[in-house]
Protein chains: 2
Amino acid sequence: MARYRVGIETRERILDATRQVLGDQGLESATLKAITDRAGVGAGSFYNLFESKEAAIWEVLAEAITAVDPDPDGHGSETVDDLVTAFVAFVTGETATLARIHLQLAGMALTAPDVAAPIARSHARRVDRFQAAMRRHDPELDQATAVAHAELLLGALTGLAIRNAMDPDFDLAAHAAALPRHPGDRASSPLAGRTGS
Amino acid sequence: MARYRVGIETRERILDATRQVLGDQGLESATLKAITDRAGVGAGSFYNLFESKEAAIWEVLAEAITAVDPDPDGHGSETVDDLVTAFVAFVTGETATLARIHLQLAGMALTAPDVAAPIARSHARRVDRFQAAMRRHDPELDQATAVAHAELLLGALTGLAIRNAMDPDFDLAAHAAALPRHPGDRASSPLAGRTGS
DNA sequence: ACAGACTTGGAGCGACCACTCAAAATCCGT
DNA sequence: ACGGATTTTGAGTGGTCGCTCCAAGTCTGT
């Protein structure tokens, strides 16, 4: 399937359309017609390139699960700040549509068992990455506390991302910058330095 | 509609069924058949009591939006700890099914505009309540910092609730107890005192 | 330029969707 | 215990769902 150039391009157009439909209208509205209309493609073309509607959706969901935690550029040297900045970029940059899908994953995980496992794995990986960065910053920090603060930060980042998605005027970068990076840090006011590091 | 006692009881059975379907299988699987089968009721009975499928679902969603923030028992004297404990009770107690629905709301808010506004309102009310409790604890605390920490705590609580819903062995109470209640508090290890206050 | 492989659109399929309706059963003030 | 109001059932409606199929069109190695 998809051996000629046109086929590969069509496949990408369909995945793009699936991303947009999932991001803008949600899983419930992601019908075959919605996807193929947006891709400008007939049903037959779709099924020439994908096993089923579920297959295309799953491919995009897997992308949304993975994309929030891209391969470790400086896996052993990244700081908590790097990780927070990367998340802000994920939500506000080119991957914004994927980010909107990412924010719907938690709800899906509760009701779709086969999507829950990879989400849990991805979450665990992310917690570990944050936790390691915290302990690099403060080698005295015990692991359990670092993990707890990592979960705290990730939960807070998700909350801010949701507000950002709902309110176009929300200044995600400023609020994210104000989060306490390490256990014992004080949350500061997001009104202060706008793009400060 | 629903003037006789049987009618009122049937209405409640249908709402119960809707809660269960939404909580267990999600909005996508909440078909009329799924709801009426679980309620043990014919389609005609349903439409004798509800305008539409959407009306029943909306009624339950409104309940899930509201129930997380019940009317202020001691509105002017509650502590952050009270609020955290209340949330743990909401997730693990009799309202567990409503809590599962509540956790799906964020995703819905992104794709269903009419559900977004009440969710945003409810969230703002909750942030305000947490923030007020923090400033009662430390009158020196400026509002912007208190609000930021309130958002942090709420995001973290939601994250923990999702983990709790996905993993039946997760000790939500212990993890919630370890969260930093006030700006500058250190997250502690959830392995320590299990049900300590 | 040919020919076999691939891609395309869209009519059509059975299944399921939300919803209607009228006749039968039940309720409850009198 | 009567009788009008309410409730209940389930077959039926039109519409949409995911998906199949195939004739026609396009691609690409030769």
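Quick caveat: nothing in here was measured; it's all calculated off a predicted structure.

(A) How the structure looks around the packing of aromatic side chains. Counted by the stated rule, this structure contains 6 aromatic pairs over all chains. Residues phenylalanine 87 of chain B and phenylalanine 90 of chain B carry aromatic rings whose centres are separated by 6.4 Å and whose planes lie at 45° to one another, so their mutual orientation is tilted. Of the two residues, phenylalanine 87 of chain B and phenylalanine 90 of chain B are both situated in helix H5 (residues 80–92); the distance of 3 residues between them amounts to about one turn of the helix. Considered together, phenylalanine 87 of chain B and phenylalanine 90 of chain B belong to a single accessibility category, that of buried residues. Feature note: the residues Phe46, Tyr47 and Phe50 of chain A constitute an aromatic cluster, connected by ring pairs.

(B) Region of the structure containing the domain arrangement of chain A. All names here are of chain A. Here chain A is described as being made up of domain 1 (5–60) and domain 2 (68–177). Its C-alpha centre places domain 1 at a distance of 27 Å from the equivalent point of domain 2. Taken together, the contact between domain 1 and domain 2 spans 9 residues of the former and 9 residues of the latter. It is Arg19, Gly23 and Trp58 that lose the most area in domain 1 upon contact with domain 2, and together they represent 54% of the buried surface on that side. Counting every contact that joins domain 1 to domain 2 gives 0 salt bridges. Taken together, the links from domain 1 to domain 2 amount to 2 residue pairs in polar contact (both at pLDDT 80 or more). Taken together, the elements giving at least two residues each to the side of domain 1 that touches domain 2 come down to helix H1 (5–25) and helix H4 (53–67). Here the side of domain 1 that touches domain 2 takes 5 residues from H1, the largest share from any one element. The residue makeup of the side of domain 1 that touches domain 2, split by class, is 4 nonpolar, 3 polar and 2 charged.

(C) Region of interest: the relation of the copies chain B and chain A. Overlaying chain B on chain A yields an RMSD of 0.0 Å, the required transformation being a rotation through 180° with an accompanying axial translation of 0.0 Å. Taken together, the turn and the small shift mark the pair as related by a two-fold rotation axis. The fraction of interface residues of chain B whose copies in chain A are also interface residues reaches 98%, indicating that both copies meet through the same surface.

(D) Representation of the protein's contact with DNA strand D. As a structural note, the neighbourhood of DNA strand D is formed by 22 residues, with Tyr47 of chain A together with Arg3, Thr10, Gly44 and Ser45 of chain B the closest of them. Atoms of DNA strand D within 4 Å of the protein belong to the sugar or the phosphate in 71% of instances, the rest to bases. The separation between a phosphate oxygen of DNA strand D and a polar main-chain atom of arginine 3 of chain B is 2.7 Å. Every element with two or more residues in the surface near DNA strand D is listed here: H1 and helix H3 (43–49) of chain A together with helix H1 (5–25) and helix H3 (43–49) of chain B. A class-by-class count of the residues in the surface near DNA strand D yields 10 nonpolar, 9 polar and 3 charged.

Parameters and conventions
- Residues numbered from 1 in each chain as written.
- Chains lettered and ligands numbered in written order.
- Predicted model: local features only at pLDDT ≥ 70, side-chain atom pairs only at ≥ 80, totals over all residues.
- Heavy atoms only, no water.
- Phe/Tyr/Trp six-rings, centres within 6.5 Å; stacked < 30°, edge-to-face > 60°.
- Helix = DSSP H or I, 4+ residues; strand = E, 2+ residues; numbered from the N terminus.
- Buried < 20%, exposed > 50% of the residue type's maximum accessible area, 1.4 Å probe, protein only.
- Domains from an automatic or database assignment.
- Contact = heavy atoms within 4.5 Å.
- Buried area = accessible area lost by both parts, 1.4 Å probe.
- Salt bridge = Lys/Arg side-chain N within 4 Å of Asp/Glu carboxyl O.
- Polar contact = N/O pair within 3.5 Å; in protein donor to acceptor, adjacent residues only side chain to side chain.
- Nonpolar A, V, L, I, M, F, W, Y, C, P; charged D, E, K, R; others polar.
- Least-squares fit on C-alpha atoms with pLDDT ≥ 70 in both.
- Near = heavy atom within 4 Å.

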